[in-house]
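Structural characterization, general
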Amino acid sequence: MSDLTDHLRFYQDLGVAGVSRDPKWRARIDSRRERGAEDQPVRDDATLVPEAGLGQPVTIARSAAEALAAIREDLGDCTRCKLHTQGRRQIVFGVGSPDAELMFVGEAPGADEDVQGIPFVGRAGQLLTKMIEAMGLRRDEVYIANVIKCRPPGNRNPEPDEIASCEPFLIRQIAAINPKVIVALGAFAAKTLTKTDAPISRLRGRAFEYAGATLIPTFHPSFLLRSPGYKREAWEDLKKALAALGRELPRPAGS
Ligand code: SF4
């Protein structure tokens, strides 16, 4: 019961009035193949063309799952940057549906993620899961990855040479999944994907185009744990992501 109470309290913090028991709102509105012109996401900002994928091995795959498996194989027991010598236990590649329409991109693994090999499994990950569920989705319907695949020591910020070595694999993951919407979690992911130095407070609330997807920056769940007063702004960003997906907001129960 306390889980349910926590869950409902979280919705209340976000400003969500209630949840629907109607299973129809969970259904995908359309498939990517059936996407109509009227369903194209609104993009009010610059078009971003990732370049770091150039020069990477060409992956010929029949499915997104095969493409992701090939990218993971190319990554191998990676020693491309100094993070492989700085205490990482394992590479944290990504988790979720290869066919996801919605992808979340964070910064780098933390201690819990380094132990489990899965992104966003600590307290911040639990909050991210609640955010996904508040959108009317399940965690296994989306794809979650980080810009950097190995834990930086002491959770320090990733350094430019580490980003240069690791970002090409994120770009390939995005190309394989071909999501309709990407939510960048936190300043680091937002700055990396938008190629700007603008603070997250200026990037959030806006939509960019990134490799054919709508890119929506928002606050990192770790920041929201420290500063819960910003959850409402994060929810506004997630509503923007839902609109770009062509999905309706979960309706209050009984409505
Ligand atoms: S952070 Fe990325 S580039 Fe660096 S060692 Fe890990 S997987 Fe390789």
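It should be emphasised that the depicted structure is a prediction, and the values quoted were computed from it without experimental measurement. (Residues numbered from 1 in each chain as written. Predicted model: local features only at pLDDT ≥ 70, side-chain atom pairs only at ≥ 80, totals over all residues. Heavy atoms only, no water.)

A word on the site of the ligand
Neighbouring the ligand are Leu75, Cys78, Arg80, Cys81, Leu83, His84, Arg88, Ile148, Lys149, Cys150, Ser165 and Cys166. Assessed atom by atom at 2 Å from the grid points, the ligand resides in the largest cavity. Partitioned by chemical class, the residues of the shell around the ligand number 7 nonpolar, 2 polar and 3 charged. (Near = heavy atom within 4 Å. 1 Å grid on protein atoms, 1.4 Å probe; cavity = no way out; pocket = protein on both sides within 12 Å on 5 of 7 lines; lining within 4 Å. Sits in = over half its atoms within 2 Å of the grid points. Nonpolar A, V, L, I, M, F, W, Y, C, P; charged D, E, K, R; others polar.)

Here's the deal with the side chain of Lys149
Residue position: Lys149 is located in the loop between strand S4 (143-146) and helix H5 (160-177). With no salt bridge to any partner, buried Lys149 finds its closest opposite charge in Glu167, at an N-O distance of 10 Å. A polar atom in the side chain of Lys149 sits 2.5 Å from the side chain of Gln173. (Helix = DSSP H or I, 4+ residues; strand = E, 2+ residues; numbered from the N terminus. Buried < 20%, exposed > 50% of the residue type's maximum accessible area, 1.4 Å probe, protein only. Lys, Arg positive; Asp, Glu negative; His and termini not counted. Salt bridge = Lys/Arg side-chain N within 4 Å of Asp/Glu carboxyl O. Polar contact = N/O pair within 3.5 Å; in protein donor to acceptor, adjacent residues only side chain to side chain.)

Here's the deal with helix H4 (residues 123-134)
An ideal rise of 1.5 Å per residue puts 16 Å on 12 residues; H4 measures up with 17 Å between its terminal C-alpha atoms. The complete set of buried residues in H4 reads Ala124, Gly125, Leu127, Leu128, Thr129, Met131, Ile132 and Ala134. In the stretch just after H4, Gly136 is the one whose phi turns positive, near 85°. (Expected span 1.5 Å × (residues − 1).)

Notes on the pairing of strand S5 (residues 181-185)
Most of S5 sits inside the fold, with 5 of its 5 residues counted as buried. Neither face of S5 is exposed, since Val181, Val183 and Leu185 on one face and Ile182 and Ala184 on the opposite face are all buried. Bridge count for strand S3 (residues 102-106) against S5 is 4 bridges, and the pairing is parallel. Bridge pairing in S5 links Phe104 to Val183. Relative to strand S7 (residues 213-218), S5 runs parallel, the two sharing 5 bridges. Considered in S7, the bridge of Ala184 is made with Pro217. (Pairing = 2+ DSSP bridges.)

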